[in-house]
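Now for the letters of each chain:
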Amino acid sequence: MTALRTNTSNCHLHSRPHRIFYSRLFLRGPLKPVSALYPGSFDPPTNGHLDLIERGAKIFEELVVGILRNTEKSPMFSLAERLEMLKTLTAHLKNVRIEAFHGLMVEYAKSIDATCVLRGIRAVSDYEYELQMALMNRKLEPTLETVFMMPADKYSYVSSRLVREVAQAGGPVKGLVPEVVEQKLREKLEPAYRFHDEMQEGRAPGAKEKKRKRKS
Ligand code: PNS
């Protein structure tokens, strides 16, 4: 009589992906949901920031956007204004929270039980600074991992600094920042925008003269 032999190698539970899954599960237990911190100055928040927040919200259980209360720099928008703008912009994302912090980022991350830091990389030029910061943060707190994500390529040249520069000269920032931010910039920099618009329409003192010179 031939013995009944079961061919376990054909059973799907013994397939390679399942073996890896179960061995990892028993070795280190199930993976915990990750709570991440996305720190930054957000002065002002741009469409690139928002794009990254939306991407982060899809992969992390909870995402805390931490606005640095920076005492060294004099920001264009107060902390209260940045908090308000970001809260409005992320109201539709239920696992996103907006907070302010000061001092060391790694200490703040620990205090909110974040195990991961999210940062955006737009181009190679960002990499050096981000790498340096990530490694310094790792030295300060080895258990905190930094995760880099890329915003949509249409925002790869957008930065808060350039937005401020364009807006301070009354230039258009449509498409670079969300509408609420655009509105706030217009309110804050009203004289610059008025002058720019008058120049465009030829109403500002000297504008006609300038136009004539350009034509001749
Ligand atoms: O948007 P930014 O200005 O590039 O963000 C920089 C930020 C806020 C993430 C960074 O300056 C920071 O973490 N500052 C907090 C102080 C700190 O921990 N410094 C050590 C960084 S290695």
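Structure first, text after, so check above.
In this text, all values refer to a predicted model and were calculated from it rather than measured experimentally.

Turning our eyes to something else, we now look at the site of the ligand. Around the ligand, the neighbouring residues are P39, G40, S41, L68, G103, L104, M105, R119, M133, M136 and N137. A distance of 2.6 Å separates an oxygen atom of the ligand from a polar atom in the side chain of S41. Within the side chain of R119, an N or O atom sits 3.1 Å from an oxygen atom of the ligand. Its free accessible area being 540 Å², the ligand has 74% of it covered by the protein chains.

On to the pattern of salt bridges, then. Two side chains bearing opposite charge may form a pair once their charged atoms approach each other closely. Applying the stated rule across the entire model yields twelve salt bridges. Salt-bridge contacts for D126 lead to R122; the nearest nitrogen and oxygen are separated by 2.9 Å. Classification of R122 as partly exposed rests on a relative accessible area of 34%. Through salt bridges with shared partners, one network takes in E62, R97 and E99.

This brings us to the nonpolar core. Counting 19 residues, the largest nonpolar core has Y38, I53, L63, V65 and V96 as the members making the most contacts within it. Within the residue set of this core, elements represented by two or more residues are β1 (35-40), α2 (47-59), β2 (62-68), α3 (79-89), β3 (96-101) and β4 (116-120). Leaving out residues up to four positions away in the same chain, V96 has contacts with I53, A57, L63, V65 and T90. Residues V163, A167, V173 and L185 belong to the second largest nonpolar core, which totals 18 residues.

So, on to the packing of aromatic side chains. In this structure the tally under the stated criterion is two aromatic pairs. Each ring, one from Y38 and one from F42, has its centre 5.2 Å from the other, and the planes form 85°; the classification is edge-to-face. A single burial state applies to Y38 and to F42, both of which are buried. Ring geometry for F101 and Y108: centres 4.9 Å apart, planes at 10°, overall stacked. Assessed through its relative accessible area of 10%, Y108 is described here as buried.

Moving on to the packing of helix α7 (residues 179-188) against helix α8 (residues 190-201). One way to put it is that α7 packs onto α8 with a least axis distance of 5 Å and a crossing angle of 90°. Of the possible angle classes, the one that applies to α7 and α8 is roughly perpendicular. From α7, L185, R186, E187 and K188 reach across to α8, where they touch E190, Y193 and D197.

The rules behind each value
- Residues numbered from 1 in each chain as written.
- Predicted model: local features only at pLDDT ≥ 70, side-chain atom pairs only at ≥ 80, totals over all residues.
- Heavy atoms only, no water.
- Near = heavy atom within 4 Å.
- Polar contact = N/O pair within 3.5 Å; in protein donor to acceptor, adjacent residues only side chain to side chain.
- Areas by Shrake-Rupley, 256 points an atom, 1.4 Å probe, with all protein chains shown as cover.
- Salt bridge = Lys/Arg side-chain N within 4 Å of Asp/Glu carboxyl O.
- Buried < 20%, exposed > 50% of the residue type's maximum accessible area, 1.4 Å probe, protein only.
- Core = buried A, V, L, I, M, F, W, Y, C linked by side-chain atoms within 4.5 Å.
- Helix = DSSP H or I, 4+ residues; strand = E, 2+ residues; numbered from the N terminus.
- Contact = heavy atoms within 4.5 Å.
- Phe/Tyr/Trp six-rings, centres within 6.5 Å; stacked < 30°, edge-to-face > 60°.
- Axes fitted to C-alpha atoms, helices over the stretch in contact; angles between N-to-C directions.
- Parallel < 35°, antiparallel > 145°, perpendicular 65-115°, else oblique.

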